[in-house]
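# Overview (structure and organization)
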Amino acid sequence: MATSGSSHLSSGKINLGVLRDHYRRELVECIDRCTGTKALVWDDALTGPFGLVAEYSLLKDHEVEKMFPLGPKTLQPSNVQNIIFLTRPKLKLMELIAQNLLNEDQKGTLRTEFHLIFVPRKSLLCEKKLKEMGVYGTFTSVDEFSLELVPFDNDLLSMEMDTTFRECYLENDFTSMFYVAQSIMTLQALYGIIPYINGKGDCAKQVVEMMRRMKGELGGREPQITPQIDNLLIIDRNVDLLTPLLSQLTYEGLIDETFGLNNTSVKLPAEKFVPKNQKSDEPLEPKKFVLNSSDELYADLRDKNFNAVGSIVSRKAKAITAEFDERHQAKTVGEMKQFVTKLPHLQKARESLATHTSIAELVKEATNSEDFMDTLRCQQDFVNGLDTDKVHPYIEECIAKKHPITKILRLICIQSYCNDGMKPKILEYYKREIIQTYGFEHMLTLMNLERTGLLRPSSTRTYAIIRKSLRLIVEDVHEQNPTDIAYVYSGYAPLSVRLAQHLARPGWRSITEVLNLLPGPKIEEIQQIPVALRKRRNSMTSSHSSTGDQKVTLVFFLGGVTYAEIAALRFLAQQDDGGTDYLIATTKIINGNSFIELLKEKVDTVKLNPF
């Protein structure tokens, strides 16, 4: 079932095309239970993830004639026998579905059948809500489709659950951890049992306990598959709150920070990609680009520090020009034929080069701004332990100029983390300034940041010890030819990735004291593997046997991961002395802005008439 658009998923150490095909089969089975022509009504948040698993042509082959977004209005007219709602189990969405169905009922149109598919699981609360609104009986069938980890690239999986961190640390709702445990069980069903499990954090502990229960429920009926993944490392976002708040400095990270990458695609100003002779004064729709490793140049650029991008693009341009010039040297028919076979690839490479030159120029405009440079300088001062114990003049200036509130909160949270909390006087000053400048409604957001530990009063001094023990600050970083993961933040090594690095070599025993300073328990577990499968794992004839001692570690980030952390893990995998390949999974790919936005409290202003 794999299509040409997904061929890059099979090129990694672990073939993620297998996982994609598994979801495609399940989806087709789910849809085929409704016989006859179909229209799908999508929850907006699901269209991106589903687009990476099943393209429209696949759905069309299974009698899907129309697709509509789920909205508050009535359903669009369509002459189909089945209308299928695909939705996440959220109460707000149940209200929209009920509204749609009640409107249909009032119109008196004779639709044949309505169906409801929950993704990834059914919810009793949602079913109860539909019953309360009097529409549950309208559905011919209520089903579920377990879309858990969506393959983004050959080494990257995401569950695309936006609110996990908020749910776990603000709302005390750990439902998403059940979905995580279930997704790891699915991976083990396809790629074999993972022998060694390590973790750090409260949520990591919950996931491992749930996995233990799920394994018990299988009652020894696990699939007999040779293990392809050697280790599982589960890292709770709460263990490293600093890294996502900092400005990423890799090519991919900066595209995400500046324009927002969503389900491997980005929307950019179309004017930048229109030839000069075709430019018009009319505003153009943003242009959408899919960015993944199927584009050779992007695969080369994405994890590089942005300062190294220019020279790589320049080298590539010269190489492509040289290859095109070869046609002048082609004298025989054979040589001409050889050049013609290379032509489609060369034209594709030239298009990719033009695209990334334009994207790099757009990113450069943002990074060259005074605002970006000042913010970066302020962040790096804090990370290095400078001016963390007083009101920072740059933050004061930003508040006075009414810069975006998200930027202000990011900087204050970084200062709080690097100073192990703030003196009550400084914290109160910042709060007062924010409320007076931006409005009282932000009091709730500030309370949320305090409850999650992003803002806190002074406590035990641990940051300096952690920074020194894990060598989080690296002087003289080589951005062009890096030798350490710190290049992704130009001098700061992500704490989460340092933990993964230490686990691979020499092991966590060497950093026991530091681990005790970080929040949450440490988890170590061994899953027994049948002897026959263990022997086959080491056999040189096995198709899955490791090349040399290269092990595969699945690193699962609970609560989100940044593109800079992903780049750092890929960098470790490429090192000659690394000995470990990394497969990266997360509940959501985040950046500093989306992380803070998630914790903001939306307050609807109500206009009251005093008379």
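Because the structure is predicted, anything quoted here is derived from the model rather than measured.

## A word on the overall build of the protein chain
Helix and strand content of the protein chain: 23 helices and 14 strands. On C-alpha atoms alone, the protein chain measures out to a radius of gyration of 26 Å, which is about the 25 Å that the 2.2 N^0.38 rule sets for 611 residues. If one aligns the C-alpha atoms of the protein chain with their principal axes, the spans along those axes are about 90 × 70 × 70 Å. Here the protein chain, with 611 residues, has 53% of them falling under the buried criterion. For the protein chain, restricting intrachain contacts to residue pairs at least 6 apart in sequence, the fraction spanning at least 24 positions comes to 78%. When the accessible surface of the protein chain is totalled, it reaches about 29400 Å², and 52% of it is carbon and sulfur. Measuring between centres, the 75 positive side-chain charges of the protein chain sit 2 Å from its 79 negative side-chain charges.

## Thoughts on helix α13 (residues 370-383)
Taking 1.5 Å as the rise per residue, α13 with 14 residues should run 20 Å; its terminal C-alpha atoms sit 20 Å apart, in good agreement. Residue G385 follows α13 closely and has a positive phi angle near 80°.

## Things to note about the side chain of N100
Mapping N100 onto the fold places it in helix α4 (residues 91-107). Here G71 takes part through its backbone oxygen, which lies 2.8 Å from a polar atom of the side chain of N100. Beyond its immediate sequence surroundings of up to four residues, N100 is in contact with L70, G71, P72, K73, T74, L75 and F85.

## Observations concerning the domain arrangement of the protein chain
When its domains are assigned, the protein chain resolves into domain 1 (7-147), domain 2 (152-240 + 485-532 + 549-596), domain 3 (251-368) and domain 4 (371-419 + 421-459). The C-alpha-based centres of domain 2 and domain 4 are spaced at 30 Å. Across the interface of domain 2 and domain 4, roughly 1000 Å² is buried in total on both sides, 64% from carbon and sulfur atoms. When the buried area of domain 2 at its contact with domain 4 is split by residue, L170, N593 and I596 rank highest and sum to 53% of it. Our count for the contact surface shared by domain 2 and domain 4 stands at 2 residue pairs in polar contact (both at pLDDT 80 or more). Those elements that provide at least two residues to the side of domain 2 that touches domain 4 are α6 (164-169) and α23 (592-599). Sort the elements by how many residues they give to the side of domain 2 that touches domain 4 and α23 lands first, with 4 residues. In terms of residue class, the side of domain 2 that touches domain 4 is made up of 9 nonpolar, 4 polar and 1 charged.

## A few points about the confidence of the model for the protein chain
When the pLDDT values of the protein chain are averaged, the result is 87; 90% of them are 70 or greater. Taken as a whole, residues 535-548 scores under 50 in pLDDT and shows 14 contacts with residues more than four places along the chain or in a different chain.

## Remarks on the pattern of salt bridges
Here the structure, examined in full by the defined rule, presents 33 salt bridges. Across the pair E597 and K600 runs a salt bridge whose closest N-O atoms are separated by 3.1 Å. Three or more residues joined by partner-sharing salt bridges are found here, namely D153, D155, E252, R302, D303 and R570.

## Notes on the environment of N82
Within the secondary structure layout, N82 lies in strand β3 (residues 82-87). Residues N82 and T35 lie 47 residues apart in sequence; the distance between their C-alpha atoms is 7.8 Å. Excluding residues that lie within four positions of it along the chain, N82 makes contacts with C34, T35, G36, T37, K38, A39, E113 and H115. Polar contacts involving the side chain of N82 include one to the main-chain carbonyl oxygen of T35, which spans 2.8 Å.

## Observations regarding the state of the cysteines
A complete count under the given rule lists 0 disulfides for this structure. In this structure C30 is not part of a disulfide, and its nearest cysteine sulfur, from C34, lies 7.7 Å away. C418 takes part in no disulfide bond, and the closest cysteine sulfur to it belongs to C378, at a distance of 10 Å.

## Section: the packing of aromatic side chains
Scanning all chains against the criterion turns up 14 aromatic pairs. One aromatic cluster in this structure is built from W42, F50 and F145. Lying over the aromatic face of Y136, K131 brings its terminal NZ or CZ to 5.0 Å of the ring centre.

## Quick word on the packing of helix α1 (residues 17-32) against helix α7 (residues 175-191)
Here α1 crosses α7 at 110°, and the two axes come no closer than 11 Å. In terms of axis orientation, α1 runs roughly perpendicular to α7. Two packed elements cross with a definite hand, and for α1 against α7 that hand is right-handed. On α7, the residues touching V18, L19 and H22 of α1 are T186, L187, L190 and Y191. Each residue belonging to the contact of α1 with α7 can be placed in one class, and the counts come to 5 nonpolar, 2 polar and no charged.

## Examining the sheet that holds strand β2 (residues 64-69)
Read from one edge of the open sheet, 5 strands run β2-β1-β3-β4-β5, paired in parallel fashion. Looking at strand neighbours, the two that pair on one side only are β2 and β5 (139-144), the edges of this open sheet. The average angle at which neighbouring strand axes cross in this sheet is 20°, direction not considered. As defined by bridge partners, β3 adjoins strand β4 (residues 113-118) across 6 bridges and the pair is classed as parallel. Each bridged residue has a counterpart across the sheet, and for F85 the counterpart in β4 is L116.

## Notes on the pairing of strand β8 (residues 196-200)
The element β8 is extensively covered by neighbouring structure, given that 4 of its 5 residues are classed as buried. Inspection of the sheet shows β8 paired to strand β9 (residues 231-236) by 5 bridges, in the parallel sense. Each bridged residue has a counterpart across the sheet, and for I197 the counterpart in β9 is L232. Pairing geometry for β8 and strand β12 (residues 522-526), over 5 bridges, is antiparallel.

Reading the values: rules and limits
Residues numbered from 1 in each chain as written. Predicted model: local features only at pLDDT ≥ 70, side-chain atom pairs only at ≥ 80, totals over all residues. Heavy atoms only, no water. Helix = DSSP H or I, 4+ residues; strand = E, 2+ residues; numbered from the N terminus. Rg over C-alpha atoms; globule rule 2.2 N^0.38 Å. Buried < 20%, exposed > 50% of the residue type's maximum accessible area, 1.4 Å probe, protein only. Contact = heavy atoms within 4.5 Å. Areas by Shrake-Rupley, 256 points an atom, 1.4 Å probe, with all protein chains shown as cover. Lys, Arg positive; Asp, Glu negative; His and termini not counted. Charge placed at Lys NZ, Arg CZ, Asp CG, Glu CD. Expected span 1.5 Å × (residues − 1). Polar contact = N/O pair within 3.5 Å; in protein donor to acceptor, adjacent residues only side chain to side chain. Domains from an automatic or database assignment. Buried area = accessible area lost by both parts, 1.4 Å probe. Nonpolar A, V, L, I, M, F, W, Y, C, P; charged D, E, K, R; others polar. pLDDT = per-residue confidence, 0-100. Salt bridge = Lys/Arg side-chain N within 4 Å of Asp/Glu carboxyl O. Disulfide = S-S within 2.5 Å. Phe/Tyr/Trp six-rings, centres within 6.5 Å; stacked < 30°, edge-to-face > 60°. Lys NZ or Arg CZ within 6 Å of the ring centre and 35° of its normal. Axes fitted to C-alpha atoms, helices over the stretch in contact; angles between N-to-C directions. Parallel < 35°, antiparallel > 145°, perpendicular 65-115°, else oblique. Left-handed = near helix turned anticlockwise from the far one by under 90°. Pairing = 2+ DSSP bridges.

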